[in-house]
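Take a look at the letters that make up each chain.
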Amino acid sequence: MDFDEILVFLGDFGPYQRRLFLINSAILFTVPLITFGQVFMSADVAFACQTNMHYGDQQNGTSFETVATSQSECYFFEYGQDDRPIGAKSFMNSSHMHLYINETLPRNSSGAVHRQCSSWTYDLTQYKSTTVTEWDLVCDRKWLRELAQSAVYAGMVIGCIVFGSISDRYGRWMSISSCLLLQSVFCFISAVSPYLAMYIVCQFAIGCTYPGVFLAPFAYVLEWTGHSKRSAVGNLLALMYVCGHMTFALLAYFIRHWRILQVAIALPQVALLVVYMFRVVPESPRWLLTQGHVQEADVIIRKAVRMNRATLPNSYFVFTRTFSNNLEKRSCARKEENWSMARRAEKHSLADLFKTTKLRNVTLIICVNAFAVTMCYFGLSIFSTSLAGDAYVNFFLSGVVEVPSILVCVYIINRWGRTRPIAIFNIVSGVSCFICPFPPADWQYLSTAFGMIGKLGAAAAFWSIYIYEAELFPTVVSNMAIGLSILIARVSTSVIPFTRLLADIWPPFPYVIIGTLTAISGTFFLIAPETLNRPLPATVEDFEEMHGNGKRSAVTGKGCTDVISRKLEYSLKELDVDVECYL
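Residues numbered from 1 in each chain as written. Predicted model: local features only at pLDDT ≥ 70, side-chain atom pairs only at ≥ 80, totals over all residues. Heavy atoms only, no water.

Colleague: Whenever I open this one, the state of the cysteines confuses me. Can you help?
Modeller: A covalent bond between the sulfur atoms of two cysteines is what we call a disulfide. Within this structure, the stated rule accounts for 1 disulfide. With a sulfur-sulfur separation of 1.6 Å, Cys49 is cross-linked through a disulfide to Cys117. Residues Cys49 and Cys117 are joined by a disulfide whose S-S torsion is about -110 degrees; by sign, that bridge is left-handed. You can see Cys49 sitting in strand S1 (residues 47-49) and its partner Cys117 sitting in the loop between strand S6 (112-116) and strand S7 (120-122), a full 68 residues away along the chain. The two residues Cys49 and Cys117 agree in class, both being buried. No disulfide involves Cys202; its nearest neighbouring cysteine sulfur is the one of Cys187, lying 9.0 Å away. (Disulfide = S-S within 2.5 Å. Helix = DSSP H or I, 4+ residues; strand = E, 2+ residues; numbered from the N terminus. Buried < 20%, exposed > 50% of the residue type's maximum accessible area, 1.4 Å probe, protein only.)

Colleague: Can you walk me through the packing of helix H2 (residues 15-35) against helix H12 (residues 294-308) in this structure?
Modeller: If you want to describe how two helices pack, look at the angle between their axes and the distance between the axes. Where H2 meets H12, the axes come as close as 7 Å, and the angle between the chain directions of the two elements is 110 degrees. By the criterion of interaxial angle, the relationship of H2 to H12 is roughly perpendicular. When H2 is examined against H12, the residues Pro15, Tyr16, Gln17 and Arg19 are found in contact with a partner set consisting of Ile300, Lys303, Ala304, Met307 and Asn308. A class-by-class count of the residues in the contact of H2 with H12 yields 5 nonpolar, 2 polar and 2 charged. (Axes fitted to C-alpha atoms, helices over the stretch in contact; angles between N-to-C directions. Parallel < 35°, antiparallel > 145°, perpendicular 65-115°, else oblique. Contact = heavy atoms within 4.5 Å. Nonpolar A, V, L, I, M, F, W, Y, C, P; charged D, E, K, R; others polar.)

Colleague: Is there a simple way to think about the nonpolar core in this case?
Modeller: Burial of nonpolar side chains together is a common tendency in soluble globular proteins. Counting residues in hydrophobic clusters, the biggest one holds 111 residues, and the most contacted among them are Phe36, Phe40, Trp224, Tyr241 and Trp463. The element that contributes the greatest number of residues to this core is helix H9 (residues 227-254), accounting for 10 residues. Not counting residues within four places of it along the chain, the set of residues in contact with Trp224 comprises Phe3, Leu7, Leu10, Asp12, Tyr16, Gln17, Leu20, Ser284, Pro285, Ile300 and Ala304. If you look at the next biggest cluster of nonpolar residues, it comprises 20 residues, including Ile366, Leu472, Val540 and Phe543. (Core = buried A, V, L, I, M, F, W, Y, C linked by side-chain atoms within 4.5 Å.)

Colleague: What should I look at first to understand the packing of aromatic side chains in this one?
Modeller: Within a pair of aromatic rings, the relevant descriptors are the distance that separates the centres and the angle that separates the planes. By the definition in use, this model includes 30 aromatic pairs. Pairing Phe36 with Phe378 gives two aromatic rings, centres 5.7 Å apart and planes at 35 degrees, and the pair type is tilted. One end of the pair, Phe36, is in the loop between H2 and helix H3 (37-41); the other, Phe378, is in helix H15 (residues 357-383), and 342 residues separate them in sequence. The buried category is assigned to Phe36, whose relative accessible area is 0%. Relative to Phe462, the ring of Phe378 lies with its centre 6.2 Å away and its plane at 85 degrees, an arrangement referred to as edge-to-face. Highlighted residues: Phe378 in helix H15 and Phe462 in helix H19 (residues 444-472), separated in sequence by 84 residues. Each member of the pair, Phe378 as well as Phe462, carries the same accessibility label: buried. Over the ring of Trp416 we find Arg415, and its NZ or CZ is 5.3 Å from the ring centre. (Phe/Tyr/Trp six-rings, centres within 6.5 Å; stacked < 30°, edge-to-face > 60°. Lys NZ or Arg CZ within 6 Å of the ring centre and 35° of its normal.)

Colleague: So what exactly am I meant to see when it comes to unusual backbone geometry here?
Modeller: Negative phi values dominate among residues other than glycine, just as trans dominates among peptide bonds. Phi is positive for Asp136, which is not a glycine, with a value near 50 degrees. Note that Asp136 resides in the loop between helix H4 (131-135) and helix H5 (142-170). At Arg279, a residue that is not glycine, the phi angle is positive and equals roughly 60 degrees. You can see Arg279 is positioned in the loop between helix H10 (258-277) and helix H11 (285-290).

Colleague: Is there a simple way to explain helix H21 (residues 509-525) in this structure?
Modeller: Every α-helix winds through 3.6 residues per turn, so residues three or four apart in the chain are directed the same way. With 17 residues, H21 ought to run about 24 Å at 1.5 Å a step, and its terminal C-alpha atoms sit 25 Å apart, in line with that. When we look at burial in H21, the residues that qualify are Pro510, Tyr511, Val512, Ile514, Gly515, Thr518, Ala519, Ser521, Gly522 and Phe525. (Expected span 1.5 Å × (residues − 1).)

Colleague: Looking at this structure, how should I read the environment of Phe21?
Modeller: Counting through the fold element by element, Phe21 comes out in helix H2. For Phe21, a relative accessible area of 11% corresponds to the buried category. For the pair Phe21 and Leu237, spaced 216 residues apart in the sequence, the C-alpha separation amounts to 8.4 Å. Excluding its chain neighbours within four sequence positions, the residues that come into contact with Phe21 are Phe13, Val221, Val233, Leu236 and Leu237.

Colleague: So what exactly am I meant to see when it comes to the packing of H9 against helix H17 (residues 402-416) here?
Modeller: As a packed pair, H9 and H17 sit with axes 9 Å apart at the nearest point and diverge in direction by 165 degrees. Classified by the interaxial angle, the pair formed by H9 and H17 is roughly antiparallel. H9 and H17 meet at a crossing whose hand is right-handed. Contacts from Asn235, Ala238, Leu239, Val242, His245 and Met246 of H9 reach H17 at Glu402, Val403, Ile406, Leu407 and Val410. Among the residues forming the contact of H9 with H17, the class breakdown is 8 nonpolar, 2 polar and 1 charged. (Left-handed = near helix turned anticlockwise from the far one by under 90°.)

Colleague: Looking at this structure, I do not really get the environment of Tyr199. What am I missing?
Modeller: Here Tyr199 shows up in helix H7 (residues 196-208). Placed 10 residues apart in sequence, Tyr199 and Ile189 show a C-alpha to C-alpha distance of 7.9 Å.

Colleague: Explain the pattern of salt bridges here, please?
Modeller: Opposite charge on two side chains permits pairing when their charged atoms draw close. The tally for this structure, following the rule as stated, stands at 8 salt bridges. Asp504 is the partner of Lys142 in a salt bridge, and the nearest nitrogen-oxygen pair spans 3.1 Å. Remark: Asp504 occurs in the loop between helix H20 (475-499) and H21 and Lys142 occurs in helix H5; sequence separation between them is 362 residues. With a relative accessible area of 25%, Lys142 lands in the partly exposed category. For Asp504, a relative accessible area of 55% puts it in the exposed group. Several salt bridges share partner residues, and in doing so they unite Asp44, Arg145, Glu146 and Arg500 into one network. (Salt bridge = Lys/Arg side-chain N within 4 Å of Asp/Glu carboxyl O.)

Colleague: It is not clear to me how the environment of Gln149 should be interpreted in this structure. Could you clarify?
Modeller: Its location among the elements puts Gln149 in helix H5. When its relative accessible area of 2% is taken as the criterion, Gln149 is described as buried. Not counting the four nearest positions on each side in its chain, Gln149 is found in contact with Thr35, Gln38, Val39, Ile382 and Pro497.

Colleague: Help me understand a nonpolar patch on the surface in this model?
Modeller: Taken together, Val431, Phe434, Ile435, Phe438, Ile505 and Trp506 make up a surface patch of nonpolar side chains, about 540 Å² in accessible area. Take Trp506: it is sitting in the loop between H20 and H21. (Patch = residues over 30% accessible without salt bridge, like charges linked within 9 Å, V, L, I, M, F, W, Y side chains within 5 Å. Areas by Shrake-Rupley, 256 points an atom, 1.4 Å probe, with all protein chains shown as cover.)

Written out as structure tokens, the structure reads:
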């Protein structure tokens, strides 16, 4: 007996599951505070070079000196006695003192020195303090600001490897609670960091906890959910993430000091950690069953039965008694069969994704799309604060547009297929992103509109691609394929902050690069195989038979929800063979 059979009697989404959903969805609600925290904590602030401005009374022959040039906030000219820059404008103030503002080099080159600014003044109208103002992350130190943002996303890459294995080996509860603890600690350390290097290290550590506070709670809730409710619950979890995105804009609006904002981000993590430490959320019984801990799973299942007012079948009690009585009496034949199955599974590797021409082409299309659409999705969210209009409103709107994309995209891809809608989502997003920086100054709000349209398309493609991947790849390499696309997506996010530095070369450059990549990836998707209502390939040979010759296989009649459920079952039940052999 597996956990899906137990859910038939327990209920697909009863009161007990709803309680667990609320707690874990609260964790997902806080994730955007981590992934987008740098948007406001390291926000761009207008600045000017701070120099010792000298002036004198022209009548008594005192010297005239000047502030930084109008051509750069990072350099200024220092002048010799009575030197005056060519083309400089002289202004008389109320004390009859002349002030010179240079626009060109001084007449006498030996009397003027081109110097780099060492201190700056900042416009604190919108942001009272940021990491930029704290550590002067401007001019030749601007890249350090992007490094701090990139550190969070680079941490996600490492976290997917480390905490992904912890979740599988030690359980969902251990993974989630340990990540909440580490995230809380490093958030507080970041808030009091006296040094930039210490702050960047802390941000990297915070990023490492991403799998434990996003992927693990997402999987945990779906493990407790029955087939009929799994698709709807998945959408609700995605919406909770989006709600956290919008709420962060409001939180940052009322908290304009970055250190206080960092503490505010940490407080929900502490509250959720307390909930987990008091064991309000138990270990996943599905995971316990796969590990052979039937007695521990039985305690949790019985508690859920009482709260849901359900009744378990007699076969369940036979299962638990049989397991307890025969724990040391496993059949050698069944045991050898299980080992044989495990050895066969171990033969598959990442190289199998490039084994055949068709599978290799599909893998490359998925990898290019994962890189491009993730860059567009996160890039437009990060860049939204620099578009025309209020930064907080723009960031809020970039979250609002995700709501219809999540609700509508599932309906569209279930009705018109996977590949063409995803291709259209990508192309619309890429073209909108490309056009975004080009509207004239009098039409800057049109730039914001294109940015939001681009985010709408990117969000629709971002959430749809995971459904497509779950249906596309052969079962024997499905986990490796999805893991590869997630890894590439995380690498993409770590590159995004540095694309902003290209704006120094040409302001539209970041949008042009991201938009072009996304549109091209959408075009590639037009040649990808369709998967709607088609059987899931179990092996590479099945995949080639279904898609290799370009012919469409017969429709099975099974919908999107059932297809995803079968894939999820395979991922969650890879170790269930050992449990079943006790029967």
